[in-house]
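Report on the structure
Listed here are the chains, written in short residue letters.
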Protein chains: 2
Amino acid sequence: MKKRVVIVGGGFAGLHAARTLGNRNDVDVTLIDRKNYHLFQPLLYQVAMAALGEGDIATPLRNMLAEYDNVTVYKGIVLNVDLESKKVNTDFGDLDYDYLVLACGAQHHYFGNNDWEEFAPGLKNLAQATEIRRRVMEAYEAAERTNDPIERKKQLTFVIVGGGPTGVELAGSIGEMSRYTLSKFYRHIDPKLTRIFIVEAADRILGTFSHEMSSKATRSLEQLGVQVWTSSPVSNVDVNGVQIGRERIEAATVLWAAGVQASTIGKTMGIETDRSGRIKVESDLSIPGHPEVFVGGDQACYTTDDGRTLPGMAPVAMQEGNAIGKMILDDLKGRPRKPFKYRDKGQMATIGRNRAIVEFGNLKFDGAVAWFTWLLVHIYYLSTFRHRVFVLMQWAWSYFTFGFGARLIVNKDWRFYGSDRKSCTYDRPD
Amino acid sequence: MKKRVVIVGGGFAGLHAARTLGNRNDVDVTLIDRKNYHLFQPLLYQVAMAALGEGDIATPLRNMLAEYDNVTVYKGIVLNVDLESKKVNTDFGDLDYDYLVLACGAQHHYFGNNDWEEFAPGLKNLAQATEIRRRVMEAYEAAERTNDPIERKKQLTFVIVGGGPTGVELAGSIGEMSRYTLSKFYRHIDPKLTRIFIVEAADRILGTFSHEMSSKATRSLEQLGVQVWTSSPVSNVDVNGVQIGRERIEAATVLWAAGVQASTIGKTMGIETDRSGRIKVESDLSIPGHPEVFVGGDQACYTTDDGRTLPGMAPVAMQEGNAIGKMILDDLKGRPRKPFKYRDKGQMATIGRNRAIVEFGNLKFDGAVAWFTWLLVHIYYLSTFRHRVFVLMQWAWSYFTFGFGARLIVNKDWRFYGSDRKSCTYDRPD
């Protein structure tokens, strides 16, 4: 009798778990995701900054799992999990499981101020990447159109809240775009006058990196025209900008790269989560009291032997997904589960077209070599061969032509008759 | 004193007019479009069918006109035109003109039944292409999830209203996708059971082509599994399907490729339009009584010497745009305007991956040679070199791998907190 494995989430953790169990003849795998595609999140900021298109970093889950006859994919939403009956309740019916893998990922959060979301989109999925791209390009169009210098300054001001890798990548991209790429496209504005702020509550950006690399990254950002504000927690966000204690920046575009919290389904299950909603797991990645339920990826909170909790990063999710698959296979073969051991692959962040920082244990380096390493690693880990080819070609083209990316503003509303087209100038709230 | 030319619309006609006037030192050109990009509309159906991405067929207008120092681009909406004062009133201010070029294009229309739009999106812009792609892919997901055979049949039924080239291209694409590409991606459905209907009110599809080619195209469609219904005017469209007189088809997805009407701005100007709202122009493409106002592209109704009105096609728009540019230059040099002469480049339509029909005067052919001709012509006319390279590569890849296009369903709502995510399973109206 085949064991039924239900995997919730088709990101790195869920996908790797499914692949590990693929084509084994003693398991039937069902993977559910509310999206129909797997997203290569490390490159999401490139879609937001119009360097890549949606199809370059996402592939339908069906494509990626088609070769495994024992894997079924559904696009759907998991409403809750009944741990006692071992049932997953979805919007298309109930699924029984012998093993459950939760890999629902994380979403950004606003520290309780959900009304800020409208003014400051986050960057966790493709729709947000497109929304950010739209807002950034609309700001330049608005600046070009206006005769009011105060309005122009506001449109040419961008605030990125959060100094982690995502914030740094966004800020660096806008810096490079404004200082290099956009200059000849406008007649009434000088894009090089764009003000870009990266606002970080802690005393330095890139807190997970060493002080040395964090400092080098700050200098690289400044060289691209980015103003780095540390020890600057945001106290309010509204349609006109951000408030940082007694300081204020008027900006038409604010981007949120500050907080993440795990998918809320953990809280509904009555199990222990950490402050960000991540589910605490044992050394075999299962939840206490339920060895048949695993959690991996950003949704999981795994503490290593030396007391460190693993961060929400792609390599962690991939390894956890593989490990969960092996745990299940060990069970089926009657072997004991081996504790999960994370093989630290280091971390990196990129700033603009040829700057990056890389840390791998005690090895730290920046500059062009770091950037090239960053490029190779990301190409290597891209999910399909087709993506590697097309992304490499787009980067090569952009690199040599200084970036003719797809800077398209696509209207959110496709209707002609069902909306008031005349008032539809901007796709932003009033 | 430089003459001020205002061009409304950045499609084929507007773009070609701008390029003709580019870098002339006696004109200042201002081009306004509500979009920031130029769209290669003939390939829009490929984005709708997930064969190409948005960035493959669209380029920001600024990129395309950056080399002309005398051309300024604004993203904005023209609210009305004051012919007496020679002013264009936009949502960012008024613009005076010495010459005005209207090239606002066309939109689909529902013969007075605008409430049908919600159930049957058209295909005239990128947002609609993405919406169509979403609906088609969602239908397959819904079919895979359901246990109800009636619901499954409805989800696996697609109705395309309109048997012109756009409708034929959409229907042929879904036919090919269902019979060839999707087969191995689903476990509970056989995509080859997809029903596809192309519903045409006239007595044959492709009425602008010869009877012989129209008949060959019908056979090609049928070989891809498409059911062709002629003499079948749609009497109603609702959320569950279409009514054709006493006949009814239950379909989850209806696509509208039936009627176009010109941009409504013509009607507000108090000038003569035809039944579709197209503005009637003289032999020099200007409007009667206002030789300084030109109309080109789908918005114009030009009648040739032998009484034929030119259709709303890309080659017509390109030639009209060029001609309008030359009329203005003739004026500036004190030369008489020469009547516009359309050089008929024939017409073509494609059905699936290797079938097409081409008509050029008396030369008519179909099959693989026609398809190859279609491919070369479209690659040639693509707006930028970058597009030619990337589109050709994508087509080559799809051709040899049977179509791993970007079949992504991207949620329209990017918000996590501002919407009811649980009910957000489908992006279609209830």
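Conventions and cut-offs
- Residues numbered from 1 in each chain as written.
- Chains lettered and ligands numbered in written order.
- Predicted model: local features only at pLDDT ≥ 70, side-chain atom pairs only at ≥ 80, totals over all residues.
- Heavy atoms only, no water.
- Axes fitted to C-alpha atoms, helices over the stretch in contact; angles between N-to-C directions.
- Helix = DSSP H or I, 4+ residues; strand = E, 2+ residues; numbered from the N terminus.
- Parallel < 35°, antiparallel > 145°, perpendicular 65-115°, else oblique.
- Contact = heavy atoms within 4.5 Å.
- Nonpolar A, V, L, I, M, F, W, Y, C, P; charged D, E, K, R; others polar.
- Disulfide = S-S within 2.5 Å.
- Buried < 20%, exposed > 50% of the residue type's maximum accessible area, 1.4 Å probe, protein only.
- pLDDT = per-residue confidence, 0-100.
- Pairing = 2+ DSSP bridges.
- Right-handed = clockwise from strand over helix to strand, strands pointing away.
- Buried area = accessible area lost by both parts, 1.4 Å probe.
- Salt bridge = Lys/Arg side-chain N within 4 Å of Asp/Glu carboxyl O.
- Polar contact = N/O pair within 3.5 Å; in protein donor to acceptor, adjacent residues only side chain to side chain.
- Expected span 1.5 Å × (residues − 1).
- Patch = residues over 30% accessible without salt bridge, like charges linked within 9 Å, V, L, I, M, F, W, Y side chains within 5 Å.
- Areas by Shrake-Rupley, 256 points an atom, 1.4 Å probe, with all protein chains shown as cover.

1. So, the packing of helix α11 (residues 367–381) of chain A against helix α12 (residues 385–401) of chain A
Residue and element names in this part refer to chain A.
- Packing of α11 against α12 leaves a shortest axis separation of 9 Å and a crossing angle of 150 degrees. With respect to α12, the element α11 is oriented roughly antiparallel. Where α11 approaches α12, its residues Trp371, Trp374, Leu375, His378, Ile379 and Tyr380 are matched on the opposing element by Arg388, Val391, Leu392, Trp395 and Tyr399.
- Here the contact of α11 with α12 is built from residues that sort into 9 nonpolar, 1 polar and 1 charged.

2. So, the state of the cysteines
Residues and elements named next belong to chain A.
- In total, this model carries 0 disulfides over all chains according to the counting rule given.
- Of the cysteine sulfurs around Cys301, a residue in no disulfide, the closest is that of Cys104, at 16 Å.
- Among the residues examined, Cys301 registers a relative accessible area of 6% and is labelled buried.

3. Digging into the confidence of the model for chain A
All names here are of chain A.
- Here chain A shows a mean pLDDT of 90. Residues at 70 or above account for 95%.
- Here residues 420–430 is modelled with pLDDT under 50, and outside its nearest four sequence neighbours on either side it reaches 33 contacts, counting other chains as well.
- On the interface metric, ipTM, the complex scores 0.86, and its pTM is 0.90.

4. Comments concerning the pairing of strand β1 (residues 3–8) of chain B
All names here are of chain B.
- Looking at chain direction, β1 and strand β2 (residues 27–33) are connected through 6 bridges and run parallel. Paired with Val6 across the bridge in β2 is Thr30.
- Considered for its hand, the β-α-β crossover made up of β1, helix α1 (residues 12–21) and β2 is right-handed.
- Here β1 runs beside strand β9 (residues 99–102); their pairing, made up of 4 bridges, is parallel. Each residue of the ladder has a partner; that of Val6, found in β9, is Leu100.

5. A closer look at the interface of chain B and chain A
- Contact residues are listed per partner, giving 74 residues for chain B and 73 residues for chain A.
- For the chain B and chain A pair, buried surface summed over both sides reaches about 7,000 Å², with 57% attributable to carbon and sulfur atoms.
- Across the chain B-chain A interface, the total number found is 8 salt bridges.
- Taken together, the links from chain B to chain A amount to 27 residue pairs in polar contact (both at pLDDT 80 or more).
- Elements with a contribution of two residues or more to the side of chain B that touches chain A: α3 (54–57), β4 (58–60), α4 (61–65), β5 (71–75), β10 (106–109), α5 (126–145) and α12 (385–401) of chain B.
- Sort the elements by how many residues they give to the side of chain B that touches chain A and α5 of chain B lands first, with 10 residues.
- Across the side of chain B that touches chain A, the residue classes tally to 32 nonpolar, 18 polar and 24 charged.

6. So, α5 of chain B
Residues and elements named next belong to chain B.
- With 20 residues, α5 ought to run about 28 Å at 1.5 Å a step, and its terminal C-alpha atoms sit 29 Å apart, in line with that.
- The element α5 is largely enclosed, with a buried count of 20 among its 20 residues.
- For α5, the N-terminal cap is Asn125; the gap from its side-chain oxygen to the backbone nitrogen of Ala127 is 3.1 Å.

7. A look at a nonpolar patch on the surface
All names here are of chain A.
- Side chains of Val377, Tyr380 and Tyr381 sit close together on the surface and give an oily, nonpolar patch of about 290 Å² of accessible area.
- Here Tyr381 is to be found in helix α11.
- Residue classification places Tyr381 among the partly exposed positions, given a relative accessible area of 31%.

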